[in-house]
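Structural description and commentary
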Amino acid sequence: MDNKFLNLPPAPPFTIAAALLLWGWQTGYLVFAIPMILLIETSYWVRWRWPLSHKEFNLISDFSGIGFFIVVVFIFSTVGSRGIFVILSVMPFILLLLLLVQLYSEQGKVNLSSLFVSLRKLDPKITPEAASKVDISLTYLAICIISASAGNNRTIWFYILSFCLFSIILWHFRPRRFSIFVWAGLLSLALVTSYATQEGLRDIQRNMEASIIGMFDQFMWRYRDPDRATTAIGSIRRLKRSDRIVVRVNSEQSLNTPLYLREASYDHYNYGIWNNETPIYSVIDQGLDGSWSLSPGKSKGTINITSYMPREIGVIPVPHGVNRIKDIAALEINTNQYGAVRMEIREGWINFNADFNDKMFTSPPGENDLEVPSAYRNNFDRLAKELDLYSNTPEESLTRITRFFTENFTYTLDQRRRYPPGKFLQNFLFNTRTGHCEYFATSTVLLLRTLGIPARYAVGYVVDEYSDMEGSYVARSRDAHSWALAYVNDKWHLVETTPSVWASYEESNASLFEPFTDIYFWLSYRYALFQAQDELDQEETNYNLLYLLIPLIMILVWRLFFKKRNNRKKTTNIIKTIRRQQGIDSVFYILIDEFKLAGYARRDGETLACWMKRINEKGDYPELEEALQLHYRYRFDPASNNNQIHKDLSRLVKSVMDRGITPVSAQPINA
């Protein structure tokens, strides 16, 4: 065992309190951090200390270990592999008991063998570590800071406060052989270096995320980032070939026109990436009826949507006019100003009802909704002039733009030619005039903005296929789609410029095995629903694991408090039994005390029999001689019936006491 670990100094004053405040702020446990701080800091102001034995230290340490094991099993069984972050965030709870025991115990440290079971059976004479003690306050301080980082609130304040806390700790333990200026200079260098390093790592993370999200957006079509979308413009691969059913819709009325289910919309574009620079998410309060109201107004209809959640938090596909989400046990629902609805719920298939009306759920336009990147401005200005759009009203522009794309362009998923970066849209507009939905939607948005009409880029699914086997409308991976939103006459409008043949085009390119894969997808879906219900039942069972803590706590309290009392009671009963066996509890001693109080002094060396005979010289106490004989038998005759003798002796003593003992003047001891 490293001696440095055994010689850990205690944490500097108030640093644990500061670390707990940081932890509570970052993880949302501030309401628990305050009483924990009071319990810890009070130990430095009160003198009361708890006398704990070595075994009791082991018991408390074992209790903390078992509690930690139960918490780990519970968290991993409910949230999966991501539970490691949850476990990190609750570590201060789990280790609090052990720290409080150290602070309030007489020895002020924790036995090393209490922490390491392997040391308990070793001989301290051979292995000194078995009898060693260690201060865990500094370790607990470090755990609090690590747990605070699990909150993952990516703000500069966490870095600043953490560095200040570490600076205080380092100042307390700084080597005295160096000057303060040298120490401060090295600390400043560490501050600058660490900040630059973490910023560099963050940039690397952003770049990696951009690449990975691009791959997911283009080829998997399963996860939608509400703040960023990498388009497939310029791709030469074949896209959207999957027949997998990802959305199911049930409606009381038949869908006479395609249903557009939006997942997200974006206002900023540059080089194939649509994103939202300043998304603001607002948490929606759940109503008393269990629904979430997204916008005011009466509903004009309701549709039932079943969608797959690849993560615990993600956007859900909803109609443009959605104003209420209901009939789902979500943990939380929040929205951003661009109309994305993000839900926190378990992974897998989810089912909910969405009320909707005619008003599109999104915010009014901003400056970004009119922005056209400089690399594309000349091309779209040229196109607007060729179509003579500058002289048209916004309504006329929408009509002419839609007609221009749908009548003069061809839909395809295959791009056989490569062009220089940034030239994809130019060649799409003026040369090839072939592309998929992302070409059409992006070009439409930028063209509308060139005309001064606010516009956004929207993504989601188009539902137009009815499955007789499932009895519902379905959307496949290939039905993922992009379209434009235009703000005209103080109202957002859906603008579809992709040629209407796109759906039939993709359907014609579907696999010949689609009917068989549909059966497989349907069976997989039904099994997933059954499994999800089973997991819900299992989750209820998992919560029962927490009830194991109740008997553990009861055992701990009994071992620490009541068992000690029971042991004392047991010891008292044993002593009483021994006294009873020796006759020390004879009631004759009561009579002896009364004689002493009345002034009958016993002389030195005088036997009990002689003393009683001298007291009864005048025959005032006729019961005394018989009582003395019973007293001797009660004390020294093991074969006698002590219960009967005790009764007879009590009767005689009571008789003497009832008659009363006449006080006399004290006699000389040596008379």
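1. Overview of the sheet that holds strand β14 (residues 332-336)
To summarise the sheet geometry, strands pair through backbone hydrogen bonds and adopt either a parallel or an antiparallel arrangement. Across the sheet, which stays open at both edges, the four strands sit in the order β8-β14-β15-β11 with antiparallel pairing between neighbours. Every interior strand has two partners, whereas the edge strands, β8 (281-283) and β11 (313-315), have only one. Strand-to-strand, the axes of this sheet are offset by a mean angle of 25°, without reference to chain direction. Of the pairings in the sheet, the one linking β8 to β14 comprises three bridges and is antiparallel in character. Looking across to β14, one finds that Val-283 is bridged to Asn-334.

2. Observations regarding the pairing of strand β19 (residues 455-463)
Buried residues dominate β19, accounting for nine of its nine residues. Two elements, strand β5 (residues 259-266) and β19, share seven bridges in a ladder whose sense is antiparallel. Directly across from Leu-259, in β19, lies its bridge partner Val-463. Looking at chain direction, β19 and strand β22 (residues 480-488) are connected through seven bridges and run antiparallel. When the bridges of β22 are listed, Arg-456 appears paired with Leu-485.

3. Quick notes on a nonpolar patch on the surface
Taken together, the side chains of Trp-25, Ile-156, Trp-157, Ile-160, Leu-161 and Tyr-195 make up a nonpolar region of the molecular surface, amounting to roughly 570 Å² of accessible area. By residue number, the principal contributor to the nonpolar patch is helix α8 (residues 156-172), which donates four residues. Topologically, Trp-157 is positioned in helix α8.

4. Re the packing of helix α17 (residues 588-597) against helix α20 (residues 642-659)
For the pair α17 and α20, the least separation of the axes is 9 Å and the interaxial angle reads 20°. With respect to each other, α17 and α20 are oriented roughly parallel. Seen along the crossing, α17 lies across α20 with a hand that is left-handed. Contact with α17, carried on its side by Phe-588, Leu-591 and Glu-594, involves Leu-649, Val-653, Val-656 and Met-657 of α20 and no other residues of that element.

5. Some remarks on the environment of Val-341
Note that Val-341 resides in strand β15 (residues 341-344). On the basis of relative accessible area, Val-341 is assigned to the buried category, the value being 1%. In the structure, Val-341 is positioned 20 residues away from Phe-361 in sequence and 9.8 Å away in space, judged by C-alpha atoms. Residues contacting Val-341, with those up to four places away along its chain left out, are Glu-263, Leu-294, Gly-314, Val-315, Ile-316, Val-318, Ile-333, Asn-334, Thr-335 and Phe-361.

6. Let's talk about the packing of aromatic side chains
Centre distance and the angle of the planes are the two values used to describe a pair of aromatic rings. Scanning the entire structure with this criterion turns up 25 aromatic pairs. When the centroid spacing of 6.0 Å and the interplanar angle of 80° are considered together, the rings of Phe-405 and Phe-440 count as edge-to-face. On the criterion of sequence distance, the pair formed by Phe-405 in helix α11 (residues 394-408) and Phe-440 in helix α13 (residues 437-450) is long-range, its members being 35 residues apart. Here the two residues Phe-405 and Phe-440 agree in accessibility, since each one is buried. Between Phe-595 and Tyr-600, the aromatic rings sit 5.7 Å apart at their centres with planes inclined by 90°, giving edge-to-face as the arrangement. Judged by relative accessible area, Tyr-600 falls into the buried class, the value being 9%. Three or more aromatic residues link up through ring pairs in this structure, and these residues are Phe-404, Phe-405, Phe-409, Phe-428, Tyr-439 and Phe-440. Here the basic side chain of Arg-248 rests over the ring of Trp-349, its NZ or CZ set 4.9 Å away from the ring centre.

7. Focus: α8
Its 17 residues give α8 an end-to-end C-alpha distance of 25 Å, which sits within 8% of 24 Å, the value for a rise of 1.5 Å per residue. By the burial criterion, the buried members of α8 are Phe-158, Tyr-159, Ser-162, Phe-163, Leu-165, Ser-167 and Ile-169.

8. Re the side chain of Asp-355
With respect to the helices and strands, the residue Asp-355 is situated in strand β16 (residues 348-356). In terms of polar contacts, Asp-355 uses its side chain to reach the side chain of Thr-302, at 2.6 Å. Sequence-distant contacts of Asp-355, defined by excluding residues within four places in its chain, comprise Ser-299, Gly-301, Thr-302, Gly-321, Val-322, Asn-323, Arg-324 and Lys-326.

9. Notes on the packing of α17 against helix α18 (residues 608-615)
When two helices pack together, their arrangement is given by the angle between their axes and by how far apart the axes lie. Two elements in contact, α17 and α18, have axes whose closest approach is 13 Å; the angle formed by their N-to-C orientations is 55°. The angle between the axes of α17 and α18 places the two elements in the oblique class. As α17 runs across α18, the sense of the crossing is left-handed. Taking contact as the criterion, the partners of Phe-588, Ile-592, Phe-595 and Lys-596 in α17 are, on α18, Leu-608, Trp-611, Met-612 and Ile-615. Taken together, the residues of the contact of α17 with α18 sort by class into seven nonpolar, no polar and one charged.

10. A word on the side chain of Glu-623
Among the structural elements, Glu-623 can be located in the loop between α18 and α19 (624-636). A relative accessible area of 12% places Glu-623 in the buried class. Beyond its immediate chain neighbours, meaning those up to four positions away, Glu-623 contacts Leu-652, Ser-655, Val-656 and Arg-659.

11. Comments concerning the confidence of the model for the protein
Here the protein averages 78 in pLDDT, while 76% of its residues score no lower than 70. For the stretch residues 212-222, pLDDT sits under 50, and the model shows 25 contacts to residues farther than four places along the chain or on other chains. Contacts for the low-pLDDT stretch residues 534-541, under 50 throughout, to residues beyond four places or in other chains number four contacts.

Calculation rules
Residues numbered from 1 in each chain as written. Predicted model: local features only at pLDDT ≥ 70, side-chain atom pairs only at ≥ 80, totals over all residues. Heavy atoms only, no water. Pairing = 2+ DSSP bridges. Helix = DSSP H or I, 4+ residues; strand = E, 2+ residues; numbered from the N terminus. Axes fitted to C-alpha atoms, helices over the stretch in contact; angles between N-to-C directions. Buried < 20%, exposed > 50% of the residue type's maximum accessible area, 1.4 Å probe, protein only. Patch = residues over 30% accessible without salt bridge, like charges linked within 9 Å, V, L, I, M, F, W, Y side chains within 5 Å. Areas by Shrake-Rupley, 256 points an atom, 1.4 Å probe, with all protein chains shown as cover. Salt bridge = Lys/Arg side-chain N within 4 Å of Asp/Glu carboxyl O. Parallel < 35°, antiparallel > 145°, perpendicular 65-115°, else oblique. Left-handed = near helix turned anticlockwise from the far one by under 90°. Contact = heavy atoms within 4.5 Å. Phe/Tyr/Trp six-rings, centres within 6.5 Å; stacked < 30°, edge-to-face > 60°. Lys NZ or Arg CZ within 6 Å of the ring centre and 35° of its normal. Expected span 1.5 Å × (residues − 1). Polar contact = N/O pair within 3.5 Å; in protein donor to acceptor, adjacent residues only side chain to side chain. Nonpolar A, V, L, I, M, F, W, Y, C, P; charged D, E, K, R; others polar. pLDDT = per-residue confidence, 0-100.

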